[in-house]
Structures are given as structure tokens and as C-alpha cells.
Amino acid sequence: MKHLLKMLDLSENEILELLDLADQLKYELKHGIPHPLLQGKTLGMIFQKASTRTRVSFETGIYQLGGYGLFLSSHDLQIGRGEPVEDTARVLSRYLDGIMIRTFEQAEVEALASYGSIPVINGLTDFCHPCQVLADLMTIREHKGVLQGLKMCYIGDGNNMANSLIVGGLKTGMSVSVACPEGYHPAGEVLDFAAGYGDKFQLTASCTEAAAGADVIFTDVWASMGQEEEAAQRREVFAGYQVNDQLLAAAAPECMVQHCLPAHRGEEITAQVFEAHAQEIFDEAENRLHAQKAVMATVMR
Ligand code: CP
Ligand code: NVA
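Everything quoted here is computed from the prediction, not taken from an experiment.

Participant: Explanation requested: the overall build of the protein chain in the structure shown.
Facilitator: Assigned secondary structure in the protein chain consists of 12 helices and nine strands. For 301 residues, the compact-globule estimate of 2.2 N^0.38 gives 19 Å, and the protein chain sits close to it at 19 Å. In terms of overall dimensions, the protein chain has C-alpha extents of about 55 × 45 × 35 Å along its principal axes. The 301 residues of the protein chain split such that 57% are buried. In the protein chain, the share of contacts with a sequence separation of at least 24, taken over all contacts with a separation of at least 6, comes to 76%. A total accessible area of about 12500 Å² is found for the protein chain, and carbon and sulfur atoms account for 50% of it. Both charge centroids of the protein chain, one from 23 positive and one from 40 negative side chains, sit 6 Å from each other.

Below you can see the structure in the form of C-alpha cells.
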């Protein structure tokens, strides 16, 4: 594995190896066992969008691996003034050992990887959020013991989270059911991939149909970063796409609820469901740290 650009690029084995390493690094951290796998290495972290979890978990994670993290806001970089990504990639490759980037266009991340000569990690684009989904799979496996054979459900916008969860879930042997309103479906590339899994994948407009018998239910914000101007219109479109007690009644007993955060209580999830599943949701947030350390150690070693 040279980069982490999107879940579509990973084999099932690569995903499972990352999850195993993440579990091991979590165990070592909790038991005070040092793991300086990236001693003396530097990770540049480019942010063109806001972040709490991604920034703090990457910066802390590289430090725990013995390396150094450099926070690079696009407001301060020349890339924010129009320097081409192709040039930025070649320059940064002369200084750094790895780059994490959060931006809008997936093509920008792919260009960074193809023009640069160091590993690139996608910290979220409009298309996908692979680091989040690795943490999500880790959390499900931690709580349920397995992934294979479980039913994953996603409710809401067919956005970066939906795109990555569909691929991650199917590749690890889960069945995946997605409820999205018409016009807000996941990306065509992802739906083409999912079509190869036959009846293990379902796309419907009905939340209760998608949630039926689910072992884990995911949701995400109705308006993602960059869609702030559409927020009012999206509140109308997504009004019925909420994870609430009524929806959970259709799921399997002991169904988990996951949310990548930040959450909007009263919109995609009720405050009651959020608080009832807070342990799982904050385990998920914590696991960003462990999963990303596994990613960095794998691509930057
Ligand atoms: N879930 C997630 O990526 O959070 P941040 O936007 O805070 O990084
Ligand atoms: N879909 C959300 C995820 C945030 C982590 C967004 O892109 O804003």
C-alpha cells in the first residue's frame, strides 16, 4: 500500500491488516508500550476545510509514532493563492515523509499522489472519507467481534461518508443498505462497485426498509462542508431521514449507532438516540487515532 486515497483502492486483506495493526497500536498505547514506528519522520497536514478530529488525531498520532506533524492551512499556503497542486506535490516531497490532505476535489488528492514521490493520505474530500471508515470498521469489530455477515445501514445524504461506508462495508463482508432521497444518491462509481455484490447491497428511499434487521446504523449531516448555502433546502429534503427511536425499532436488538461527527441533534439524529449510543460514537471518534496511526505506519514506514 503506497497511499490511502479511497476505500475503492484497498483489498479486503489490506483493510483487515490495517484494522489488526490499529487494534495492536491501541492495546500498546493503553498499556504504555511505546511504538516509535515513524521515528524522525515528518507528516505535512494540509487543510482546506475545518477539522477537529482529523487534525488532532493525526497530529497526536504522528507524535506517538515518534514523528512530527506539520499543520498546513490552505489559507497560509501558496496553494490557496493558486500554486498548482502538481508543483506543491513535488516541492513538499523534497521536505516531508508523508502528506495528509483534506480538500474538496478527489482529483486534487489523486494529483498530489501522482506528482509527488511520498505517501498521500486522504483526510476527507467531497467524494470520500477513508480514514473515518477505517475507524468505523474498527469500532464495529470491537463491539460486535466480527464484520463478516453483519448488516450495515446508512441513512441520509449520499455523500463522502455514504460512498466510503458502502465500499468498506461490502469489502469486509457486510451487507449494506442505504436510504437516500431521490437526487441525493451515492456516487455512480460507488453504485457501480456495489452492483457487483448483488443482493448484499440495497439502495432505497425508505429508511425503515434500510434499517430492517440492521446491526449498525450510520448517519451523517444533511449539509456537508462546502454546502452551507444549501442547508435550508436540504433541511426540507432530508426531513424524514432521521435516526430516531422509531427507526431503531426496525433494527436488530443491540443495534449500534455510529456518527462520524460533528452531529446536528434534531436533524439527522435525535438527542435521545445520540446520548443512548454516546459510548459507541465516542469510541468511534477515539478510534480515528488508532486507525490513522496504522495507516501512517503502513504507508510511511
Ligand atoms: N469526523 C471528522 O472527520 O471530524 P473532523 O471534521 O472534526 O475532522
Ligand atoms: N459529510 C461531512 C463529514 C464530516 C466529517 C462533511 O463532508 O462535512
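Participant: So what exactly am I meant to see when it comes to the packing of helix H5 (residues 130-144) against helix H12 (residues 278-300) here?
Facilitator: The packing of two helices is summarised by the inter-axis angle and the distance between the axes. Relative to each other, H5 and H12 sit at 120°, their axes nearing to 7 Å. Here H5 lies oblique to H12, going by the angle between them. When you trace H5 past H12, the crossing you get is right-handed. Two secondary-structure elements touch here, H5 through Cys131, Gln132, Leu134, Ala135, Asp136, Met138, Thr139, Glu142 and His143 and H12 through Glu280, Asp283, Glu284, Asn287, Arg288, His290, Ala291, Gln292 and Val295. Of the residues that constitute the contact of H5 with H12, the class distribution is six nonpolar, six polar and six charged.

Participant: So what exactly am I meant to see when it comes to the nonpolar core here?
Facilitator: Across soluble globular proteins, nonpolar side chains show a tendency to be buried alongside one another. Core analysis: the largest hydrophobic core is formed by 55 residues, its most contacted members being Ile121, Leu134, Leu137, Ile140, Met152 and Met296. Ignoring any residue separated from it by four or fewer positions in sequence, one finds Met296 in contact with Leu38, Leu43, Phe58, Gly61, Ile62, Leu65, Ile121 and Arg301.

Cut-offs used in this document
Residues numbered from 1 in each chain as written. Chains lettered and ligands numbered in written order. Predicted model: local features only at pLDDT ≥ 70, side-chain atom pairs only at ≥ 80, totals over all residues. Heavy atoms only, no water. Helix = DSSP H or I, 4+ residues; strand = E, 2+ residues; numbered from the N terminus. Rg over C-alpha atoms; globule rule 2.2 N^0.38 Å. Buried < 20%, exposed > 50% of the residue type's maximum accessible area, 1.4 Å probe, protein only. Contact = heavy atoms within 4.5 Å. Areas by Shrake-Rupley, 256 points an atom, 1.4 Å probe, with all protein chains shown as cover. Lys, Arg positive; Asp, Glu negative; His and termini not counted. Charge placed at Lys NZ, Arg CZ, Asp CG, Glu CD. Axes fitted to C-alpha atoms, helices over the stretch in contact; angles between N-to-C directions. Parallel < 35°, antiparallel > 145°, perpendicular 65-115°, else oblique. Left-handed = near helix turned anticlockwise from the far one by under 90°. Nonpolar A, V, L, I, M, F, W, Y, C, P; charged D, E, K, R; others polar. Core = buried A, V, L, I, M, F, W, Y, C linked by side-chain atoms within 4.5 Å.

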